[in-house]
Amino acid sequence: MVGKGWLTGLIEAGEGVSLSFQLRRQPREKTVSAISQATMVNRSRMRDVGDTRQDFEELGDAIYAGTYLKEGMNREGEEFYYIGSTPQPRKLEERRGTGGRRAKGSAAPL
C-alpha cells in the first residue's frame, strides 16, 4: 500500500483543488525491454562521459533507476504504470462561492 507521501502537496493545498488521475498499465515485456535498452545505452555512455561530475552523476542515477525498475519487475513481479493528472475546472460561480446568485446591483469580486 502506498502512503500519501507523494500526494501530500495536493492534499494540503486546501479546498478548491480538484484533480483527476489516470493510470495506464504498461505491458511488462515491452517495458522491461525498453528499460534494459536504455540502461545499456547509459552504461556505454558512461565510458565516454566528460570530466564533469554532474554528467557522471546524472548517468549514474539513470543507470541505478533503470536497474531498480528492471529488478522490481523481473524479480518481484511489480507492474509498471504511467500516471497522469488533469485539473478539473470548476464553474466560476463555485469559485466565487455565490452559487450563481447575486444580489441586484452588487458585483462579486473575481
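Above this text you will find the structure in question.
Throughout what follows, the structure given in this document is the object of discussion. (Residues numbered from 1 in each chain as written. Predicted model: local features only at pLDDT ≥ 70, side-chain atom pairs only at ≥ 80, totals over all residues. Heavy atoms only, no water.)

## A word on the packing of aromatic side chains
For step 1, the next point in the chain: Under the definition given, this model contains 2 aromatic pairs.
For step 2, the next point in the chain: A ring pair is formed by Phe80 and Tyr82, whose centres lie 5.4 Å apart and whose planes are at 85 degrees; its orientation type is edge-to-face.
For step 3, the next point in the chain: You can call Tyr82 partly exposed: its relative accessible area is 44%. (Phe/Tyr/Trp six-rings, centres within 6.5 Å; stacked < 30°, edge-to-face > 60°. Buried < 20%, exposed > 50% of the residue type's maximum accessible area, 1.4 Å probe, protein only.)

## As for the side chain of Thr31
For step 1, the next point in the chain: If you trace the backbone, Thr31 turns up in helix α2 (residues 28-47).
For step 2, the next point in the chain: Other than its neighbours up to four places away in sequence, Thr31 contacts Gln26, Met73 and Phe80. (Helix = DSSP H or I, 4+ residues; strand = E, 2+ residues; numbered from the N terminus. Contact = heavy atoms within 4.5 Å.)

## A short note on the environment of Asn42
For step 1, the next point in the chain: Structurally, the position occupied by Asn42 is in helix α2.
For step 2, the next point in the chain: Along the sequence, Asn42 and Glu58 sit 16 residues apart, while their C-alpha atoms lie 9.8 Å from each other.
For step 3, the next point in the chain: Setting aside its immediate chain neighbours within four residues, Asn42 contacts Leu59, Ala62 and Ile63.

## Some points on the pattern of salt bridges
Close approach of charged atoms lets side chains of opposite charge pair.
For step 1, the next point in the chain: Per the counting criterion, the structure on display carries 3 salt bridges.
For step 2, the next point in the chain: Of the charged contacts, one joins Arg25 and Glu79 as a salt bridge, the two residues approaching to 3.1 Å between their closest N and O atoms. Taken together, the residues Arg25 in strand β1 (residues 19-25) and Glu79 in the loop between α3 (53-75) and β2 (81-87) connect sequence positions 54 residues apart.
For step 3, the next point in the chain: Taking relative accessible area as the criterion, Arg25 reaches 55% and is therefore assigned exposed.
For step 4, the next point in the chain: The exposure class of Glu79 is partly exposed, given its relative accessible area of 29%. (Salt bridge = Lys/Arg side-chain N within 4 Å of Asp/Glu carboxyl O.)

## Notes on the packing of α2 against α3
For step 1, the next point in the chain: Running from N to C, α2 and α3 cross one another at 150 degrees; their axes reach a closest spacing of 9 Å. Put simply, α2 runs roughly antiparallel to α3. Like other packed secondary-structure pairs, α2 and α3 cross with a definite hand, here left-handed. Taken together, the residues of α3 that come into contact with α2 (itself represented by Arg28, Thr31, Val32, Ile35, Ser36, Thr39, Asn42, Arg43, Arg45 and Met46) are Phe56, Leu59, Gly60, Ala62, Ile63, Gly66, Thr67, Leu69, Lys70, Met73 and Asn74.
For step 2, the next point in the chain: A breakdown of the residues in the contact of α2 with α3 according to their chemical character gives 9 nonpolar, 8 polar and 4 charged. (Axes fitted to C-alpha atoms, helices over the stretch in contact; angles between N-to-C directions. Parallel < 35°, antiparallel > 145°, perpendicular 65-115°, else oblique. Left-handed = near helix turned anticlockwise from the far one by under 90°. Nonpolar A, V, L, I, M, F, W, Y, C, P; charged D, E, K, R; others polar.)

## A word on α2
For step 1, the next point in the chain: Across its 20 residues, α2 extends 29 Å between first and last C-alpha, which sits within 8% of the 28 Å expected from 1.5 Å per residue.
For step 2, the next point in the chain: Of the positions making up α2, those classed as buried are Thr31, Val32, Ile35, Thr39, Asn42 and Met46. Along the axis of α2, the buried positions cluster into a sector of 95 degrees, meaning they face one direction only. Of the residues in α2, the exposed ones pointing more than 90 degrees away from the buried face are Glu29, Lys30, Gln37, Met40 and Arg47.
For step 3, the next point in the chain: Residues of α2 that are buried in the fold lie against α3. (Expected span 1.5 Å × (residues − 1). Arc of directions from axis to C-beta.)

## A few points about the layout of surface pockets
For step 1, the next point in the chain: Estimates place the volume of the largest pocket at around 220 Å³.
For step 2, the next point in the chain: Lining the largest pocket, in full, are Tyr68, Leu69, Glu71, Gly72, Met73, Glu76, Glu78, Glu79 and Phe80.
For step 3, the next point in the chain: Residue composition of the lining of the largest pocket, grouped by class: 4 nonpolar, 1 polar and 4 charged. (1 Å grid on protein atoms, 1.4 Å probe; cavity = no way out; pocket = protein on both sides within 12 Å on 5 of 7 lines; lining within 4 Å. Points joined across faces, edges and corners; volume = space filled by probe spheres on them.)

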